Amino acid sequence: MTKKRNHTYNPKLDKLIEYIYIIVGSAFVAIGFNLFLLPNRIASGGVSGISTILDATFGFEPAYVQWAFNIPLFIAGVIFLGKQFGIKTLIGTIFVPFVVYLTREWEPATMDPLLGSLFGGICIGLGLGIVFRGKASTGGTDLAAQIIHKYTGLSLGTCVVLIDGLIVVTAAFVFDLEGGLYALIGLYVTSKTIDIVQIGWGRSKMTLIITGKQDEVQDAILNQIDRGVTRLAAHGGFTNNERPVLLCVVDQTEFTKLKQVVRSIDPNAFVTVTDASEVLGEGFKRD
């Protein structure tokens with residue numbers, strides 16, 4: 001069986017790591033904005049998208065615009081949603097525009113809007129994913145979406161899509177249709193990058209095995225693949241006889257071996273497989 005790892009919980013160290021996540025993640029968001037999105041006029045949602053539009057239209061300094069939106073939205077969030085955001089979200093709210101201001105003179109990494117939307121989306125998603133791992137957010141339109149969600153009954157996802165969609169549509173009118181399409185690309189890449197940071201590249205497989213040779217299959221999985229197995233009580237729908245189901249989660253690299261093991265013992269076994277996007281526990285991730 002897989003060996004257990006000792007995990008000593010240190011509240012102060014964990015809290016320090018969370019603050020480091022927030023600072024590093026916020027820096028990635030700001031740098032990605034200045035190097036890729038702003039110079040290519042890609043307004044892919046959020047307060048950064050609003051600041052891009054206002055910079056192109058009126059020449060307003062993006063950092064000032066972001067502060068002007070983020071701070072009131074944070075205060076509104078505390079008033080309407082309670083104090084659950086705390087100091088960590090306030091740090092993200094203030095620090096992103098601060099780094100945007102510090103790096104405003106940096107040369108753009110590319111002036112190709114497609115590359116800007118792709119790599120800008122990666123940087124923003126990477127930064128936001130790191131901030132989320134610090135159990136915080138960068139505030140902005142996410143807070144506005146939560147307020148609308150609370151007082152309108154619309155789902156939170158719908159509120160986020162409505163706000164970001166309005167910003168993207170505005171960008172299409174202010175710039176051109178292509179600008180809006182590039183913004184959509186950046187928004188999509190950002191969301192996928194956040195998922196990768198939060199969940200990881202790896203995908204585990206969860207299998208449900210129905211076989212008349214439960215003991216043999218169970219022993220083979222335990223001894224040959226070195227993975228745990230759980231027996232679930234079940235009954236056949238046609239015969240109503242007791243028919244235990246074996247549940248096993250394996251890494252993607254172990255899945256082929258699992259199929260071979262089951263097939264060698266019982267070629268008639270019924271096996272269903274689904275992706276498990278995240279698995280916590282012994283033999284897998286601990287946090």
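Right above here is the structure, for reference.
Residues numbered from 1 in each chain as written. Predicted model: local features only at pLDDT ≥ 70, side-chain atom pairs only at ≥ 80, totals over all residues. Heavy atoms only, no water.

## Considerations on helix 9 (residues 214–225)
Thought 1: Between its first and last C-alpha, helix 9 extends 16 Å over 12 residues, near the 16 Å set by a 1.5 Å rise per residue.
Thought 2: Every buried residue of helix 9 is listed here: Q214, V217, Q218, A220, I221 and I225. For helix 9, the angular spread of buried residues about the axis comes to 160°, placing them on one side.
Thought 3: Downstream of helix 9 by one or two residues, D226 has phi in the positive range, about 65°. (Helix = DSSP H or I, 4+ residues; strand = E, 2+ residues; numbered from the N terminus. Expected span 1.5 Å × (residues − 1). Buried < 20%, exposed > 50% of the residue type's maximum accessible area, 1.4 Å probe, protein only. Arc of directions from axis to C-beta.)

## As for the environment of F132
Thought 1: Within the secondary structure layout, F132 lies in helix 5 (residues 113–133).
Thought 2: A relative accessible area of 27% places F132 in the partly exposed class.
Thought 3: Spatially, the C-alpha atoms of F132 and V197 are 9.2 Å apart, while their sequence positions differ by 65 residues.
Thought 4: Apart from residues lying up to four places away in sequence, F132 is in contact with S137, I194 and Q198. (Contact = heavy atoms within 4.5 Å.)

## Quick look at the packing of aromatic side chains
Thought 1: On inspection of all chains with the given rule, the structure shows six aromatic pairs.
Thought 2: Centroid distance F36 to F119: 6.1 Å. Interplanar angle 25°. Geometry classified as stacked. Placement of the pair is F36 in helix 1 (residues 11–37) and F119 in helix 5, with a sequence separation of 83 residues.
Thought 3: Ring centres of Y64 and W67 lie 6.3 Å apart, and the angle between their planes is 25°; this geometry places the pair in the stacked category. (Phe/Tyr/Trp six-rings, centres within 6.5 Å; stacked < 30°, edge-to-face > 60°.)

## Quick look at the pattern of salt bridges
Thought 1: Summed over the entire model, instances satisfying the criterion amount to six salt bridges.
Thought 2: Among the ionic pairs, E254 bridges to R227, the shortest N-O distance being 3.0 Å. Here E254 is found in helix 10 (residues 252–265), whereas its partner R227 is found in the loop between helix 9 and strand 2 (230–232), with 27 residues between them in sequence. One exposure class covers both E254 and R227, and it is buried.
Thought 3: Beyond isolated ion pairs, a larger network of salt bridges with shared partners links K15, E18 and K88. (Salt bridge = Lys/Arg side-chain N within 4 Å of Asp/Glu carboxyl O.)

## Side note on the packing of helix 3 (residues 62–81) against helix 4 (residues 86–102)
Thought 1: Orientation of helix 3 relative to helix 4, taken along the N-to-C sense of each, is 170°, at an axis distance of 8 Å. With respect to helix 4, the axis of helix 3 lies roughly antiparallel. Along this stretch, helix 3 crosses helix 4, giving a crossing that reads as left-handed. Contacts between helix 3 and helix 4 involve P62, A63, Y64, Q66, W67, N70, I71 and F74 from the first element and G86, T89, L90, T93, I94, V96, P97, F98, V100 and Y101 from the second.
Thought 2: Counted by class, the contact of helix 3 with helix 4 contains 13 nonpolar, five polar and no charged residues. (Axes fitted to C-alpha atoms, helices over the stretch in contact; angles between N-to-C directions. Parallel < 35°, antiparallel > 145°, perpendicular 65-115°, else oblique. Left-handed = near helix turned anticlockwise from the far one by under 90°. Nonpolar A, V, L, I, M, F, W, Y, C, P; charged D, E, K, R; others polar.)

## Observations regarding the pairing of strand 1 (residues 204–210)
Every other side chain in a regular strand lies on the same face of the sheet, so the side chains alternate between the two faces.
Thought 1: For strand 1 and strand 3 (residues 245–251), the ladder comprises seven bridges, and the chain directions are antiparallel. Within the sheet, the bridge partner assigned to I210 lies in strand 3 and is V245.
Thought 2: Sheet topology note: the strand 1/strand 4 (residues 270–276) ladder contains seven bridges and is antiparallel. What sits directly across from T207, in strand 4, is V273. (Pairing = 2+ DSSP bridges.)

## Some words on the side chain of T211
Thought 1: Mapped onto the fold, T211 is located in the loop between strand 1 and helix 9.
Thought 2: Here the side chain of T211 touches D266 through a polar contact of 2.5 Å, side chain to side chain.
Thought 3: Every residue in contact with T211, bar those within four places of it in the chain, is listed here: V217, R243, L246, D266 and A269. (Polar contact = N/O pair within 3.5 Å; in protein donor to acceptor, adjacent residues only side chain to side chain.)

## A short note on the environment of G212
Thought 1: Positionally, G212 belongs in the loop between strand 1 and helix 9.
Thought 2: Along the chain, G212 and R243 lie 31 residues apart, while their C-alpha atoms are 7.9 Å from each other.
Thought 3: When near neighbours in sequence (up to four residues on either side) are disregarded, G212 contacts R243 and D266.

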